Amino acid sequence: DVKVTQSSRYLVKRTGEKVFLECVQDMDHENMFWYRQDPGLGLRLIYFSYDVKMKEKGDIPEGYSVSREKKERFSLILESASTNQTSMYLCASSFPDRAVAEAFFGQGTRLTVV
Amino acid sequence: AQSVAQPEDQVNVAEGNPLTVKCTYSVSGNPYLFWYVQYPNRGLQFLLKYITGDNLVKGSYGFEAEFNKSQTSFHLKKPSALVSDSALYFCAVRDVPYSARQLTFGSGTQLTVLP
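The structure presented is a predicted model; accordingly, all values stated were derived computationally and were not measured.

*Asks:* Explain the side chain of A:Ser75 here, please?
*Replies:* By the secondary structure assignment, A:Ser75 is in strand β8 (residues 73–78). Leaving out residues up to four positions away in the same chain, A:Ser75 has contacts with A:Leu21, A:Glu22, A:Trp34, A:Ser65, A:Val66 and A:Ser67.

The following block contains the structure:
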């Protein structure tokens, strides 16, 4: 089975802190994603990576950056956390774009910025 | 542009009854449709997908979905609901087959199965 693991289930951070969310997948997937989930808004794509050191902005990249130094690991960085970044963050991975592939999700990190 | 609508925020059904969770979509090309389920405090789990072919798609946990091109719908169904089916359900679509980044999610429907 595909396993996507997010390093934390719950995080509480202070406004202005730099926050790192880590995600690791064990299926050698090329694609990795970071989504944000908010009630009534569904999932919104923050950033996407299709290979090591490659990244593309999603729909809501402002206030976020990402890092992919190794194929299995994709990190989301909040440069200076703000209260409007309080949310559930979901990491996902999938096979490369040559397949009509579904995404596999981690268990989510619920981040609270106070 | 592509979009997905889940017109019901909440669906309640009695255990043993059939359930339907509605999804309509809008794409400029051919649709590639997905259903995911999210249990409390968990990530999303893939249920099923429609790519092409048979309009009735069977998936995990006894769920199925019917693709209707004329009504641009992809409703999720199960003949007999279980209390354990209570969860948040997301429909998703893209019109590009080989671009996972272009997936658009609906806002979700909370399904509650009453014992």
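*Asks:* How should I be thinking about the interface of chain A and chain B in this particular structure?
*Replies:* Often the size quoted for an interface is simply the accessible area lost on bringing the parts together. Contacts between chain A and chain B engage 26 residues on the former and 23 residues on the latter. Between chain A and chain B the total buried area reaches about 2000 Å² when both faces are included, carbon and sulfur atoms providing 54% of it. At the surface where chain A touches chain B, the tally comes to one salt bridge. Inspection of the chain A/chain B interface yields four residue pairs in polar contact (both at pLDDT 80 or more). At the level of elements, β4 (31–38), β5 (42–51) and β9 (87–94) of chain A are the ones that each hand at least two residues to the side of chain A that touches chain B. With five residues, the top contributor of residues to the side of chain A that touches chain B is β5(A). Counted by class, the side of chain A that touches chain B contains 14 nonpolar, seven polar and five charged residues.

*Asks:* What exactly am I supposed to notice about unusual backbone geometry here?
*Replies:* A negative phi angle characterises most non-glycine residues, just as the trans form characterises most peptide bonds. At A:Lys53, a position not held by glycine, the phi torsion is positive, near 65°. Along the chain, A:Lys53 falls in the loop between β5 and β6 (54–57). For B:Tyr61, which is not a glycine, the phi torsion comes out positive at approximately 55°. Assignment of secondary structure puts B:Tyr61 in the loop between β7 (56–58) and β8 (64–68).

*Asks:* Is there a simple way to think about the environment of A:Ser93 in this case?
*Replies:* All names here are of chain A. Looking at the element boundaries, serine 93 is found in strand β9. Residue classification places serine 93 among the buried positions, given a relative accessible area of 0%. Placed 59 residues apart in sequence, serine 93 and tryptophan 34 show a C-alpha to C-alpha distance of 9.0 Å. Beyond its immediate stretch of four places on either side in the chain, serine 93 contacts Val4, Gln25, His29, Asn31, Met32, Phe33, Glu102, Ala103 and Phe104. Polar side-chain contacts of serine 93 include one of 2.7 Å to the side chain of histidine 29.

*Asks:* I'm lost on the sheet that holds strand β3 (residues 19–25) of chain A in this one. Help?
*Replies:* By way of backbone hydrogen bonds, the strands of a sheet pair with one another, either parallel or antiparallel. All names here are of chain A. Across the sheet, four strands lie side by side as β1-β3-β8-β7; this open sheet has antiparallel pairing. A strand with exactly one partner marks an edge of an open sheet, and here the two such strands are β1 (4–6) and β7 (64–70). Neighbour-to-neighbour, the strand axes of the sheet open up by a mean angle of 20°, direction not taken into account. Judged from the three bridges that link them, β1 and β3 form a sheet pairing that is antiparallel. Considered in β3, the bridge of valine 4 is made with glutamine 25.

*Asks:* So what exactly am I meant to see when it comes to the nonpolar core here?
*Replies:* Among soluble globular proteins, nonpolar side chains are generally buried collectively. All names here are of chain B. With 28 residues, the main nonpolar core has Trp35, Leu47, Leu48, Phe74, Leu76 and Tyr89 as its most contacted residues. For this core, the secondary-structure elements that each account for two or more residues are β2 (10–14), β3 (19–21), β5 (32–38), β6 (44–50), β8, β9 (73–78), β10 (87–94) and β12 (109–114). Broken down by element, this core gets its largest block of residues, four residues, from β10. Excluding residues within four positions of it along the chain, leucine 48 makes contact with Leu33, Phe34, Trp35, Val57, Lys58, Gly59, Phe63, Glu64, Ala65, Phe74 and Leu76.

*Asks:* I tried to follow the environment of A:Gln107 on my own but got confused; where do I start?
*Replies:* Tracing the chain through its elements places A:Gln107 in the loop between β10 (104–105) and β11 (109–113). When the C-alpha positions of A:Gln107 and A:Lys3 are compared, they lie 9.8 Å apart, and in sequence the two are 104 residues distant. The residues contacting A:Gln107, other than those within four sequence positions of it, are A:Val4, A:Thr5, A:Gln6, A:Arg9, A:Leu90, B:Asn41, B:Arg42 and B:Gly43. Looking at A:Gln107, its side chain comes within polar contact range of the main-chain oxygen of A:Gln6, at 3.1 Å.

*Asks:* Is there a simple way to think about the packing of aromatic side chains in this case?
*Replies:* Within a pair of aromatic rings, the relevant descriptors are the distance that separates the centres and the angle that separates the planes. Scanning the model with the defined rule gives 14 aromatic pairs over all chains in all. Consider the rings of A:Tyr35 and B:Phe105, whose centres lie 5.5 Å apart with planes at 85°: the pair is edge-to-face. With A:Tyr35 in strand β4 and B:Phe105 in strand β11 (residues 104–105), the pair connects residues from two separate chains. Taken as a pair, A:Tyr35 and B:Phe105 share a single burial class, namely buried. Each ring, one from B:Phe63 and one from B:Tyr89, has its centre 5.6 Å from the other, and the planes form 50°; the classification is tilted.

Rules and cut-offs
- Residues numbered from 1 in each chain as written.
- Chains lettered and ligands numbered in written order.
- Predicted model: local features only at pLDDT ≥ 70, side-chain atom pairs only at ≥ 80, totals over all residues.
- Heavy atoms only, no water.
- Helix = DSSP H or I, 4+ residues; strand = E, 2+ residues; numbered from the N terminus.
- Contact = heavy atoms within 4.5 Å.
- Buried area = accessible area lost by both parts, 1.4 Å probe.
- Salt bridge = Lys/Arg side-chain N within 4 Å of Asp/Glu carboxyl O.
- Polar contact = N/O pair within 3.5 Å; in protein donor to acceptor, adjacent residues only side chain to side chain.
- Nonpolar A, V, L, I, M, F, W, Y, C, P; charged D, E, K, R; others polar.
- Buried < 20%, exposed > 50% of the residue type's maximum accessible area, 1.4 Å probe, protein only.
- Pairing = 2+ DSSP bridges.
- Axes fitted to C-alpha atoms, helices over the stretch in contact; angles between N-to-C directions.
- Core = buried A, V, L, I, M, F, W, Y, C linked by side-chain atoms within 4.5 Å.
- Phe/Tyr/Trp six-rings, centres within 6.5 Å; stacked < 30°, edge-to-face > 60°.

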